[in-house]
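Now for the letters of each chain:
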Amino acid sequence: MKDQLIIFDTTLRDGEQSPGASMTKDEKVRIAKALERMRVDIIEAGFPIASIGDFEAVQAVAKAVKDSRVCGLARALDKDIDRAGEALKAANASRIHTFIATSPIHMQMKLRMQPDEVVENAVKAVKRARQYTDDVEFSPEDAGRSDLDFLCRVLEAVIDAGAKTLNIPDTVGYNLPHQFGELIKNLRERIPNSDKAVFSVHCHNDLGLAVANSLSAVMNGARQVECTINGLGERAGNASLEEVVMAVRTRQDMFDCDTRLDTTQILAASRLVSGVTGFVVQPNKAIVGANAFAHESGIHQDGVLKNRETYEIMRAEDVGWNTNRMVLGKHSGRNAFRSRLKELGIELDSEEDLNSAFTRFKELADKKHEVFDEDIQALVSDTLTED
Ligand code: KIV
Ligand code: ZN
């Protein structure tokens, strides 16, 4: 029996921190319901102290969602924690996620606190959050650039104070995969009470490594991944939910855990988030990009028509696409062309007619990025008319 990998979606919190991606209360509720349909375990709905609007949005999500746990973010400050506790009152299942920075640069330059004070504040915050819910998550912000001994000290103390999840953020996306995996392994081995908490990771994508770092952490014992739809998030974004989930699902031979997500809901959620935020998904984006299951070259099309597994490692249908897609263009071959004619219900009288239509198709393909079904219909009717 494999472990469960918990999926903590932060599209509505860290995702919303993408410049230009702010969402209304109603939009947040619509996205939260899509995440719930996908069976996401925990939805971080916002940062209730940030504004009245965000407080109300977390409250609305807490009311609307029944099957996922709803979480609110809070700095390690009484007022933040009280506000998060208040916003989550109506939730079926709630979590408070509290954080304080632990890296030398953040402690000295941003918090202007001594390490002892940071530990004290972390413990105090967790204890206060426990007054609202028994599900408290703690994050040492900028853990990826923090001292290992100090991290162990803080984390041991917050477990004793009642934190159930220890989230290790690579806040500025600085780590390399082997290094981040090693960090998780070291923390699990060195913290004496580490078995009393779930290790989670929260990776940013500044070097394009957020998914790789998250997967490396999972291979080293992390059992929660924080991620966002389409990889939305501060600066270059967070680990993309769809990529993490499908990597683990597709490579079950490499993982001793799996998520409980209904992956067929992924494409709908991606489109909803893209529509709400106006952040267009690049065509070559893994899993949800328009080209993720599209084939153009003749060699690939011929292979896929014979057996999809020649060039597909996942089924398009498993992430919500109707099917894969053959794009007819200048690299396409006769086999794909013939197959498209059949799909369009076009039967040519002879092999000669097919050859002639195929020649015209190639001439047209040289002038266009993609040859559409309407182009083919026109092209074939030209051929038939001429005959
Ligand atoms: O990136 C980060 O460190 C965060 C924390 C609040 C977890 O978003
Ligand atoms: Zn973050």
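Since the model is a prediction, treat every value here as computed from it, not as a measurement.

A.B. asks: How would you sum up the overall build of the protein chain? Please name residues and give values.
C.D. replies: Along the backbone of the protein chain there are 14 helices and twelve strands. Principal axes of the C-alpha set define a box for the protein chain whose edges measure 85 × 40 × 40 Å. Taking all 387 residues of the protein chain together, 45% fall into the buried category.

A.B. asks: Lay out the site of ligand 1 with the relevant residues and their values.
C.D. replies: Inspection of the region around ligand 1 gives Asp-14, Phe-99, Ser-139, Glu-141, Asn-167, Pro-169, Thr-171, His-202 and His-204 as its neighbouring residues. Looking at the shell around ligand 1, the elements that each hand over two or more residues are strand 6 (136–141) and strand 7 (165–170). Across the shell around ligand 1, the residue classes break down as two nonpolar, five polar and two charged.

A.B. asks: Go over the UniProt feature "domain: Pyruvate carboxyltransferase" (unreviewed entry) in the protein chain with me, naming the residues and quoting the values.
C.D. replies: UniProt annotation of "domain: Pyruvate carboxyltransferase" (unreviewed entry) refers to residues 5–267 when read in the numbering used here. As annotated, residues 5–267 comprises 42% helix and 18% strand, and the C-alpha atoms at either end are separated by 21 Å.

A.B. asks: Account for the nonpolar core, with residues named and values stated.
C.D. replies: Counting 93 residues, the largest nonpolar core has Ile-7, Ile-43, Ala-45, Ala-122, Val-225 and Val-244 as the members making the most contacts within it. Beyond its immediate sequence surroundings of up to four residues, Ala-122 is in contact with Ala-76, Ile-100, Phe-138, Val-154, Ala-157 and Val-158.

A.B. asks: Mind laying out unusual backbone geometry, listing which residues take part and the relevant values?
C.D. replies: Note: most residues except glycine have negative phi, and most peptide bonds are trans. With a phi close to 50°, Arg-112 is a non-glycine residue in the positive phi region. When you line up the elements, Arg-112 lands in the loop between helix 4 (104–111) and helix 5 (115–130). Given 8 C-beta atoms within 10 Å, Arg-112 falls into the exposed group. One non-glycine residue, Arg-235, lies in the positive phi region at around 50°.

A.B. asks: How would you sum up helix 1 (residues 25–37)? Please name residues and give values.
C.D. replies: For helix 1, which comprises 13 residues, the first-to-last C-alpha distance of 19 Å matches the rise-based estimate of 18 Å (1.5 Å per residue) to within 8%. Among the residues making up helix 1, those that are buried are Lys-28, Ile-31, Ala-32, Ala-34 and Leu-35. For helix 1, the arc enclosing every buried residue in end-on projection is 160°, short of the 170-degree limit, so these residues lie on one face. Where the residues of helix 1 are buried, they touch strand 2 (6–9), strand 3 (42–46), helix 2 (52–64) and helix 10 (266–277). Two residues or fewer after helix 1 comes Arg-39, characterised by a positive phi angle close to 70°.

A.B. asks: Now, about the pairing of strand 9 (residues 224–227): what can you tell me, with residues and values included?
C.D. replies: Going residue by residue along strand 9, you find Gln-224 and Glu-226 tucked away on one face and Val-225 and Cys-227 tucked away on the opposite face as well. Note that strand 2 and strand 9 share four bridges and pair parallel. What sits directly across from Asp-9, in strand 9, is Cys-227. Alignment of strand 8 (residues 198–203) against strand 9, held across three bridges, turns out to be parallel. Within the sheet, the bridge partner assigned to His-202 lies in strand 9 and is Glu-226. Of the crossover connections in this fold, the one passing from strand 8 over helix 8 (residues 210–219) to the parallel strand 9 is right-handed.

A.B. asks: Please set out the sheet that holds strand 5 (residues 94–101) residue by residue, giving values where relevant.
C.D. replies: The sheet built from eight strands closes into a barrel, its strands ordered 2-3-4-5-6-7-8-9 with parallel pairing. Geometrically, the sheet is characterised by an average inter-axis angle of 25° between neighbouring strands, direction not taken into account.

A.B. asks: Go over the packing of helix 11 (residues 298–306) against helix 12 (residues 334–343), please, and point to the residues and values.
C.D. replies: At a minimum axis separation of 8 Å, helix 11 and helix 12 run at an interaxial angle of 55°. As the angle between them shows, helix 11 and helix 12 are arranged oblique. Across the interface between the two elements, Gly-298, Gln-301, Asp-302 and Leu-305 from helix 11 touch Asn-335, Ala-336 and Ser-339 from helix 12.

What counts, and at which threshold
Residues numbered from 1 in each chain as written. Chains lettered and ligands numbered in written order. Predicted model: local features only at pLDDT ≥ 70, side-chain atom pairs only at ≥ 80, totals over all residues. Helix = DSSP H or I, 4+ residues; strand = E, 2+ residues; numbered from the N terminus. Buried ≥ 20, exposed ≤ 12 C-beta atoms within 10 Å, placed from the backbone. Near = placed C-beta within 6 Å. Nonpolar A, V, L, I, M, F, W, Y, C, P; charged D, E, K, R; others polar. UniProt positions renumbered as here; feature names shortened; annotations may be inferred. Core = buried A, V, L, I, M, F, W, Y, C linked by C-beta atoms within 7 Å. Contact = placed C-beta atoms within 7 Å. Expected span 1.5 Å × (residues − 1). Arc of directions from axis to C-beta. Pairing = 2+ DSSP bridges. Right-handed = clockwise from strand over helix to strand, strands pointing away. Axes fitted to C-alpha atoms, helices over the stretch in contact; angles between N-to-C directions. Parallel < 35°, antiparallel > 145°, perpendicular 65-115°, else oblique.

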